[in-house]
Amino acid sequence: IHQRLRFEALLSNAHSRVRNRCFKACSPGLRPRLPDGNSSLPHQIQVFPIMSSQKDDDFVMRSYDICPRVEAMRVPLVYQAPDWIAAMQANSDLLDLLANLSGFDRPMAVEHFNWVADYLLCRRQQGLGLYPGVTDEIYDRTISLHSWIQTRKFPSDRAFCRASIGPFVAELLSNWKSDLAHKADARLFRLYSAHDTTLIALMTALKSPIPAPYYASHTLFELYASDEAHASPYVRVLYNFQPCNIPGCGAADCPLTAFSEEVSDLLPGDSWSSGDCGAAQPSASPYYLIVTLGALCAMLFVALVIVMAVKRGTTTGSGYRKLPAFATEDTITAATPV
């Protein structure tokens, strides 16, 4: 891209260290659609760079990473599955070796293993040396296990899929509904910059599972519509430019009504946040927080006055008040949340 495009305003909440990364991720898709020398972004194009909002707020693109219930569902669906246990046991020597080389604790957590695998992959792709002690054989085993873990962590269970990628599917359908209702102002192109895990979650939910995506992999959703009365809109889904057959559609060109029906069980309901996602309720605004704290303080003051009035008569003969019994270790343990 020739200019720092005006959509930089979309990155106002991004950490500065990822801004260049956002631009680099978006530029391949934007370059063929922007006229040379044009410093403005055509209104028909809308860009959603990854990390343009804080991770903990991005339920559209990262719900699989921030919804507590997703990780809870992974326990029986993934971590306790026989194939997962067998894979971890078969590669225990590899995990111990990488833990020793990288300084992570043993047994090595899956998250830490993924960090090391990503680091090795990036260094190899950039022609840089690997960790001392990491041979080509160890590298190949690491990348193979990493690829398997990335896909295995996204089972096809529909409740899991709804929690992990449902908000994005809902936004996709909502955008299309708006575009069809206002064709004159419809967006011609929306670019979401995402992660490899986003693609895995999405394609698994669409019942078109993919291997671990390579760099710059992408999923295209194309909506075709006509002004002719007898023509119904239809959808085409492509992964890395290869058409995908969505179950329930019967062909690569899927009627929008059939596509909507196929993904209807992925759409979040009214209780999605507390139910499927298991997320905490949104924090209160500062005004209501101040009012709430004020009311609590008033209640505590009243309670203190009442306690003082009651305690005035509970002194010992020598005039000293009786101290309450200290909490035992058992009572402390029982009262501590797990």
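Notes on the structure in this doc start here. What you see is a predicted model, and the numbers here were worked out from it, not measured in a lab.

**So, unusual backbone geometry**
And then number 1: Cis geometry marks the peptide bond from Arg106 to Pro107, where omega comes out at -5°.
And then number 2: Along the polypeptide, Pro107 turns up in the loop between helix H5 (92-102) and helix H6 (110-125).
And then number 3: One non-glycine residue, Lys207, lies in positive phi territory at about 60°.
And then number 4: Relative to the helices and strands, Lys207 is located in the loop between helix H9 (196-205) and strand S3 (219-224).
And then number 5: Although it is not a glycine, Phe241 sits at a positive phi angle of roughly 70°.
And then number 6: On the secondary structure map, Phe241 appears in the loop between strand S4 (234-239) and strand S5 (242-243).

**Brief notes about the nonpolar core**
And then number 1: Core analysis: the largest hydrophobic core is formed by 38 residues, its most contacted members being Trp176, Leu206, Phe221 and Phe259.
And then number 2: Put simply, the parts of the chain that give this core at least two residues each are helix H2 (59-66), helix H3 (68-79), helix H8 (158-181), H9, S4 and helix H10 (256-262).
And then number 3: Discounting chain neighbours no more than four positions away, the residues touching Trp176 are Phe221, Leu223, Val235, Leu256 and Phe259.
And then number 4: Core analysis: the second largest hydrophobic core is formed by 19 residues, Leu94, Leu120, Ile138 and Ile143 among them.

**A look at the packing of H3 against H8**
And then number 1: Two numbers describe how H3 lies on H8: the axes approach to 10 Å, and their chain directions differ by 150°. By the angle class used here, H3 and H8 are roughly antiparallel. As H3 packs across H8, the resulting crossing turns out to be left-handed. Counted together, Val70, Met73, Arg74 and Leu77 of H3 and Ala159, Phe160, Ala163 and Ser164 of H8 form the full contact between these two elements.
And then number 2: A breakdown of the residues in the contact of H3 with H8 according to their chemical character gives 6 nonpolar, 1 polar and 1 charged.

**Concerning the packing of aromatic side chains**
Aromatic rings in a pair are described by how distant their centres are and how their planes are angled relative to each other.
And then number 1: Applying the stated rule across the entire model yields 11 aromatic pairs.
And then number 2: Arranged with centres 6.5 Å apart and planes meeting at 70°, the rings of Phe221 and Phe259 form a pair that is edge-to-face. With Phe221 in strand S3 and Phe259 in helix H10, this pair connects stretches of sequence that are 38 residues apart. Take Phe221 and Phe259: they sit in the same class, and that class is buried.
And then number 3: Taken together, the ring pairs connect Tyr64, Phe154 and Phe160 into an aromatic cluster.
And then number 4: The ring of Phe154 has Arg74 lying over it, and the distance from NZ or CZ to the ring centre is 5.0 Å.
And then number 5: The cationic tip of Arg124 hangs over the ring face of Tyr139; the distance from NZ or CZ to the ring centre is 4.3 Å.

Criteria and thresholds
- Residues numbered from 1 in each chain as written.
- Predicted model: local features only at pLDDT ≥ 70, side-chain atom pairs only at ≥ 80, totals over all residues.
- Heavy atoms only, no water.
- Helix = DSSP H or I, 4+ residues; strand = E, 2+ residues; numbered from the N terminus.
- Core = buried A, V, L, I, M, F, W, Y, C linked by side-chain atoms within 4.5 Å.
- Buried < 20%, exposed > 50% of the residue type's maximum accessible area, 1.4 Å probe, protein only.
- Contact = heavy atoms within 4.5 Å.
- Axes fitted to C-alpha atoms, helices over the stretch in contact; angles between N-to-C directions.
- Parallel < 35°, antiparallel > 145°, perpendicular 65-115°, else oblique.
- Left-handed = near helix turned anticlockwise from the far one by under 90°.
- Nonpolar A, V, L, I, M, F, W, Y, C, P; charged D, E, K, R; others polar.
- Phe/Tyr/Trp six-rings, centres within 6.5 Å; stacked < 30°, edge-to-face > 60°.
- Lys NZ or Arg CZ within 6 Å of the ring centre and 35° of its normal.

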